[in-house]
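Chain by chain, the residues run as shown.
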Amino acid sequence: ANKPAMYVLFLLFQILGAVILGFGIWILADKTSFIAVLQMSSPSLKTGAYILIGVGALTMLMGFLGCLGAVNEIRCLLGLYFTCLMIILIAQVAAGLVIYFQKETLKKELSHIVKDLIENYNPLNENKKNLQEVWDYVQIQITCCGWTGAKDWEDNEIIINKSMIEYPCSCSNRTEDLEEGRGFCRLDDPVNGTATSTDWPVHEQGCMDGVEQWLKDNLGVILGVCTGVAVIELLGMILSISLCKNIHSEDYTKVPKS
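Please read these numbers as outputs of a predicted model, since none were measured by experiment.

1. Some remarks on helix α5 (residues 103-119)
Part 1: Taking 1.5 Å of rise per residue, 17 residues should cover 24 Å, and α5 covers 24 Å from first to last C-alpha, within 8% of that figure.
Part 2: Where α5 is concerned, the buried positions are Leu110, Ser111, Ile113, Val114, Leu117 and Ile118. Buried residues of α5 fall within an arc of 165° about the axis and therefore sit on the same side. For α5, exposure combined with an orientation more than 90 degrees from the buried face picks out Lys108 and His112.

Listed below in structure tokens is the structure:
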């Protein structure tokens, strides 16, 4: 009686596995979003991406093994399916707790990465061109400037050497600067003495606040997806136990006569 429900769950696991696998591959391949800044600067994110790829592949394999176990009423496959589900669920809870309790450490690491990028930003540096273009893209998309604010750009070596009369084009709130998209733009009006970030026509909000706001706006969706995945996994565990009980032990131990 539980088999049709089990087949639906296995189909969901195939889709879920494909999504997790695809997300892991996207993190490694993406070059045009905020993820790319982290991916190119933080080895921990690359490790996380490989873990996601592994979990996604394992989830798809589990779906196949579980389906095979249900169709052929093989207890050991259903038991393996249950065990794998339990391990993944425990790992997800553990990962969530680590992220929650280490969020300040992660925030500091990210702050260091971005501030180092801003300080050494140089449009002529071909070695860091991709990473710098990604950061420009982030500032344009989130309409932010620097990590904590535009003042972060006052530490940039090139801007310091130009007496602060240049500013990052991707921070600008002027359309003509955004068409340039990357590198530095020059102030139209001369400033007596050295300029500061308050003289630049740029966004006041730092990207840290922009990212946090995005997370707050999408927290419901993120929690909903995580809860949905956990519920599917729990249902899979309950149904696999139920099917195991329904399989007669004599069918499982039956040995064909020679």
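Here the narrative resumes.
2. Focus on the side chain of glutamate 166
Part 1: Mapping glutamate 166 onto the fold places it in strand β1 (residues 166-168).
Part 2: A distance of 3.5 Å separates polar atoms of two side chains, one belonging to glutamate 166 and the other to lysine 162.
Part 3: Apart from the residues lying within four places of it in its own chain, the contact partners of glutamate 166 are Ile159, Phe184, Cys185, Arg186 and Trp200.

3. Focus: the side chain of serine 170
Part 1: Mapped onto the secondary structure, serine 170 falls in the loop between β1 and α8 (175-180).
Part 2: Residue serine 170 is classed as buried on the basis of its relative accessible area of 0%.
Part 3: Here serine 170 is in contact with Asp136, Gln139, Ile140, Leu178 and Gly181, once residues within four sequence places are set aside.

4. A look at the state of the cysteines
Part 1: Under the counting rule described, the total for this entry stands at three disulfides.
Part 2: Across the disulfide, cysteine 145 is cross-linked to cysteine 171 (sulfur-sulfur distance 2.1 Å). Its S-S torsion of about 95° marks the bond between cysteine 145 and cysteine 171 as right-handed, since a negative value means left-handed. Highlighted residues: cysteine 145 in the loop between α6 (129-142) and α7 (157-161) and cysteine 171 in the loop between β1 and α8, separated in sequence by 26 residues. With respect to burial, cysteine 145 and cysteine 171 carry one shared label: buried.
Part 3: Look at the chain and number its bonded cysteines as they come in the sequence; the links are 1-6, 2-4, 3-5.

5. Points about the nonpolar core
Across soluble globular proteins, nonpolar side chains show a tendency to be buried alongside one another.
Part 1: Ranked by internal contacts, the top residues of the largest apolar core, which has 27 residues, are Trp135, Trp147, Trp153, Trp200 and Val202.
Part 2: Put simply, the parts of the chain that give this core at least two residues each are α5, α6, β2 (184-186) and α9 (207-217).
Part 3: The residues contacting tryptophan 200, other than those within four sequence positions of it, are Ala150, Trp153, Glu154, Ile159, Met164, Glu166, Tyr167, Pro168 and Leu187.

6. Topic: the confidence of the model for the chain
As a general rule, the predicted coordinates of low-pLDDT regions are not to be interpreted in detail.
Part 1: Confidence along the chain averages 78 in pLDDT terms, with 84% of residues attaining 70 or more.
Part 2: Mean pLDDT in the chain bottoms out at helix α11 (residues 249-253), which sits at 46, and peaks at β1, which reaches 92.
Part 3: Predicted confidence for residues 249-253 stays below pLDDT 50, and this span has three contacts to residues more than four positions away or in other chains.

7. Comments concerning the packing of aromatic side chains
Part 1: Counted by the stated rule, this structure contains four aromatic pairs.
Part 2: Measuring from centroid to centroid gives 5.4 Å for tyrosine 121 and phenylalanine 184, while their planes differ by 70°, and the two rings are edge-to-face. With tyrosine 121 in the loop between α5 and α6 and phenylalanine 184 in strand β2, the pair connects residues that are 63 residues apart, well separated along the chain. With respect to burial, tyrosine 121 and phenylalanine 184 carry one shared label: buried.

8. So, the UniProt feature "transmembrane region" (unreviewed entry) in the chain
Part 1: Sites flagged by UniProt as "transmembrane region" (unreviewed entry) map to residues 7-29, 49-71, 78-101 and 221-244.
Part 2: Summarising residues 7-29: 100% helix, 0% strand, and an end-to-end C-alpha distance of 33 Å.
Part 3: Structurally, residues 221-244 comprises 100% helix and 0% strand, and the distance from its first C-alpha atom to its last is 35 Å.

9. Side note on the packing of α5 against α6
Part 1: For the pair α5 and α6, interaxial distance at closest approach is 11 Å and the crossing angle is 105°. On the basis of their axis angle, the class for α5 and α6 is roughly perpendicular. Contacts between α5 and α6 pair Val114, Leu117 and Ile118 from the former with Leu131, Gln132 and Trp135 from the latter.
Part 2: Residue composition of the contact of α5 with α6, grouped by class: five nonpolar, one polar and no charged.

Conventions and cut-offs
Residues numbered from 1 in each chain as written. Predicted model: local features only at pLDDT ≥ 70, side-chain atom pairs only at ≥ 80, totals over all residues. Heavy atoms only, no water. Helix = DSSP H or I, 4+ residues; strand = E, 2+ residues; numbered from the N terminus. Expected span 1.5 Å × (residues − 1). Buried < 20%, exposed > 50% of the residue type's maximum accessible area, 1.4 Å probe, protein only. Arc of directions from axis to C-beta. Polar contact = N/O pair within 3.5 Å; in protein donor to acceptor, adjacent residues only side chain to side chain. Contact = heavy atoms within 4.5 Å. Disulfide = S-S within 2.5 Å. Core = buried A, V, L, I, M, F, W, Y, C linked by side-chain atoms within 4.5 Å. pLDDT = per-residue confidence, 0-100. Phe/Tyr/Trp six-rings, centres within 6.5 Å; stacked < 30°, edge-to-face > 60°. UniProt positions renumbered as here; feature names shortened; annotations may be inferred. Axes fitted to C-alpha atoms, helices over the stretch in contact; angles between N-to-C directions. Parallel < 35°, antiparallel > 145°, perpendicular 65-115°, else oblique. Nonpolar A, V, L, I, M, F, W, Y, C, P; charged D, E, K, R; others polar.

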